[in-house]
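# Coordinates in review
Letter by letter, the chains look like this.
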Amino acid sequence: MHKIVKTESLAPSMFLMEVEAPKIAAKRKPGQFIMLRIDETGERVPFTISDGNTETGTITIVYQVVGKTTAQMAALKPGDSILDVVGPLGKPTHMEKVGTVCCIGGGTGIAIAYPIAKGLREAGNKVLSILGARTKELLFYEDQVRSISNELLVCTDDGSYGQKGLVTEMLKQLIDRGEQLKLVVAIGPVPMMKFVAKMTKEYNIPTIVSLNPIMIDGSGMCGGCRVSVGGATKFVCVDGPEFDAHQVDFELLTKRLASYREEEAKSYDLYKHNCKLGRG
Amino acid sequence: MDAKERMKIPRHKMPEQKPEERRKNFNEVPFGYPEDIAMEEAQRCLQCKKPSCMKGCPVEVNIPAFIKLVAEGHHWEAIKKIKETNSLPAVCGRVCPQESQCESMCIVGKKGEPVAVGRLERFAADFERKAGKAAKPDLAPPSGKKVAVVGSGPAGLTVAGDLARMGHKVIIFEALHKAGGVLVYGIPEFRLPKEIVQAEVDSLVDLGIELQLNEVIGKADTLDELLQNGFDAIFVGTGAGAPIFMNIPGENLIGVYSANEYLTRSNLMKAYLFPQYDTPIIKSNVVAVIGGGNVAMDSARTALRLGAKEVNIIYRRSKDEMPARAEEVHHAEEEGIIFNLLTNPIRYIGDEKGKVIAVECQKMELGEPDQSGRRRPVPIVGSEYIKEVDTVIVAIGNGPNPLIPNTTPDLQLNRKGNIVASLDTCKTSKRGVFAGGDIVRGAATVILAMGDGKVAARSIDAYLKDPAWWDRPAPEPQPEKKKE
Ligand SMILES: Cc1cc2nc3c(=O)[nH]c(=O)nc-3n(C[C@H](O)[C@H](O)[C@H](O)COP(=O)(O)OP(=O)(O)OC[C@H]3O[C@@H](n4cnc5c(N)ncnc54)[C@H](O)[C@@H]3O)c2cc1C
Ligand code: SF4
Ligand code: FES
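Quick caveat: nothing in here was measured; it's all calculated off a predicted structure. (Residues numbered from 1 in each chain as written. Chains lettered and ligands numbered in written order. Predicted model: local features only at pLDDT ≥ 70, side-chain atom pairs only at ≥ 80, totals over all residues. Heavy atoms only, no water.)

Turning our eyes to something else, we now look at the UniProt feature "domain: Dihydroprymidine dehydrogenase" (unreviewed entry) in chain B. UniProt feature "domain: Dihydroprymidine dehydrogenase" (unreviewed entry): in the numbering of this structure it lies at residues 22-131 of chain B. Along residues 22-131 of chain B, the helical share is 49% and the strand share 0%, with 27 Å between the first and last C-alpha atoms. (UniProt positions renumbered as here; feature names shortened; annotations may be inferred. Helix = DSSP H or I, 4+ residues; strand = E, 2+ residues; numbered from the N terminus.)

Turning our attention to the UniProt feature "binding site: [2Fe-2S] cluster" (unreviewed entry) in chain A. All names here are of chain A. UniProt tags C222, C225 and C237 as "binding site: [2Fe-2S] cluster" (unreviewed entry). Of the residues just listed, which span 16 residues, no C-alpha pair is farther apart than 10.1 Å, and they cluster in one region. Considering the arrangement of structural elements, one finds C225 in the loop between β13 (207-210) and β14 (226-229). When its relative accessible area of 3% is taken as the criterion, C225 is described as buried. Not counting residues within four places of it along the chain, the set of residues in contact with C225 comprises P213, I214, M215, K234, F235, V236 and C237. (Buried < 20%, exposed > 50% of the residue type's maximum accessible area, 1.4 Å probe, protein only. Contact = heavy atoms within 4.5 Å.)

The next thing to look at is the site of ligand 2. The local shell around ligand 2 consists of C45, L46, C48, P51, S52, C53, P64, C106, I107 and V108 of chain B. Residues that form the shell around ligand 2 fall into these classes: nine nonpolar, one polar and no charged. (Near = heavy atom within 4 Å. Nonpolar A, V, L, I, M, F, W, Y, C, P; charged D, E, K, R; others polar.)

A few words now on the site of ligand 1. Residue and element names in this part refer to chain B. Around ligand 1, the surrounding shell holds 34 residues, and the nearest of these are V95, A155, E174, R191 and I217. Residue P154 places a main-chain N or O atom 3.2 Å away from an oxygen atom belonging to ligand 1. Contact between ligand 1 and G181: an oxygen atom at 3.4 Å from a main-chain N or O atom of the residue. Here ligand 1 loses 95% of its free accessible area of 1,000 Å² to cover by the protein chains. At the level of elements, α9 (154-165), α14 (294-305) and α18 (446-465) are the ones that each hand at least two residues to the shell around ligand 1. Tallied by class, residues from the shell around ligand 1 come to 18 nonpolar, eleven polar and five charged. Lining the shell around ligand 1 are residues from two domains, each supplying at least three of them: domain 2 (146-241 + 400-471) and domain 3 (244-398). (Polar contact = N/O pair within 3.5 Å; in protein donor to acceptor, adjacent residues only side chain to side chain. Areas by Shrake-Rupley, 256 points an atom, 1.4 Å probe, with all protein chains shown as cover. Domains from an automatic or database assignment.)

Next comes the structure, spelled out in structure tokens:
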């Protein structure tokens, strides 16, 4: 059992949760993830660790409510518990001083981009960050990211905050003004990562993305998390989660993520229905 | 009764669910022997002075002794006798390949059908469980030594049980949220009810063994960290848990599963109870299962129970070469699984959504024997055909999981990535670290994994009592054993 010590709403349907997991808190490195199972009948679901505290023995995850499990999580309060938390899993981000790097976070990806940007800054890089969201209220972690960035660009699709536009347009601005980007790290929705990858490929800038396929065990046993990278099949949970963006088959990832759309919808609807009944 | 009379008693069938019924449920297929039948079957044993059956048992169960006790109605004593050497009898009685082990050597089998050793073992174990109390073995006084067991499959459980009996403190680290390894995530409920595995695990916990679930060694702690943190020895029994794919086009389409994923979803995560349980599994109409081992049979029969209309086994050799247990092939046939032998998939075809809709197969013929001693399948040119399917389950084998090897540089591996350990001692190249089961042998069997567990427990005990044991010359490590 892992006690929840803090919950916070970051944006509509976007939440933060701090859970007790002392060993993971002590071990975790940027880029790694956990698998959790909320209760006996729950699924095993992966979440990237966005922060942690060795002293309090807690780790932080950020999630968006998209289905039953995340809706259930959002209903939990401090003092409640999560049944199983496994980790830290996956390979940590390779931290190296390369010069100027650009870290791009979109949606919940912001929470994952943050520790990586922080690590890259600590490794001595000049960090230019870009945060993007559909609209103002979906943006979070702005101050945190700013505090570890040499410069931060913020954009929204509808122009309600920051510049109006997509993260790719912000990236273009940086390139156009002559920033010598040695590395781009892009984390967010699959289409966003795909378009960033397409663009940086044109400019020949090495780019890393963090992938989030469906996982079951998270330790290389099931093969459910497989993706195609450079034509070879990789297991994201042990070979990743980070890969060379220019080699990733995003189409395949998108399709495989949709494997259980119907079942997920069914399970979520049932949950919502039961919740309403429960509230009477 | 004299030997002649005994030989005349025919081998008793085990009553089981009818195929038409069982293909619709996940309940266990065979019901087990009722007491009177078990006692009659036990009469068939000739009580050989030099029992050849025992030569076929990797954990050295005293077969004639326990069978005699069953014949006399002393079932409680019978299970105690078995448990002297076998800590998972209810499991072994169900899934051991007895026909190629103890029973294949039984003298009665020379003329007729061998004594049903496996079914009798199952009877004794079930008798104990139904009695609601476990035959608890005596424990040696605490030695003050602490051993880490990585992986809770049959190898890990066996070594843990034996070490606890020898007085050592044992902590089992398991990556998943349930103990049992393949017994809980792989082998389906209808062949091995999960409550039986749980009961066996519980009786180990009763011996004072600590279980730390959700702990992935190599990630949470490395072997070196365990050794630094006060463990005197480590046993690695992490199994063969990395699915192998054929690397043919379309293998990543939606609906193409590894058997591990398919079975884990169904067994461990209870997808067959969706949406009561949250883990989904694809609903299939026509399924192709690639492979001919137990894993393939289990996958096929699971798919059937999950509602598939048609399930096809696709296997590249002939039925004689199938590695699956004869009993399970027979069960699968009875349930209506279709066998496409001497057939191999060459690519999978998908629709625009990336979902598999067909498999292209090629017929094979048997050529010259290969390294495994079996005749090598050779493709027949021009024999390709397309079969429409909506689910594919790839069950062609498992390789070693790389997490521990990757984080333990001084652990010697073989060409395939399995840990090199002596089969006589389970000693690895790293001081204080022992290994056994599928991680050493490649995908093998429950009983061989348990046999390794026994050997390892003896070695670990010797090492803990006298660290100089490690440096004594031992038989050369045998890196590779022929398998499948
Ligand atoms: C579907 C299926 C059906 C089978 N049917 C039969 C049968 O009928 N008869 C038979 O004899 N054999 C059968 N087998 C083979 C048999 O199950 C295996 O040979 C046996 O389970 C191997 O035991 P093991 O202890 O070596 O490993 P496993 O049972 O594989 O257990 C290994 C355990 O280690 C854990 N682990 C792995 N890595 C780590 C880590 N880094 N940290 C912590 N824990 C870790 C795993 O989660 C797992 O629980 C079958 C196998 C499968 C897959
Ligand atoms: S070989 Fe057969 S008859 Fe002889 S002791 Fe063993 S089981 Fe009994
Ligand atoms: S989640 Fe099972 S192999 Fe990656």
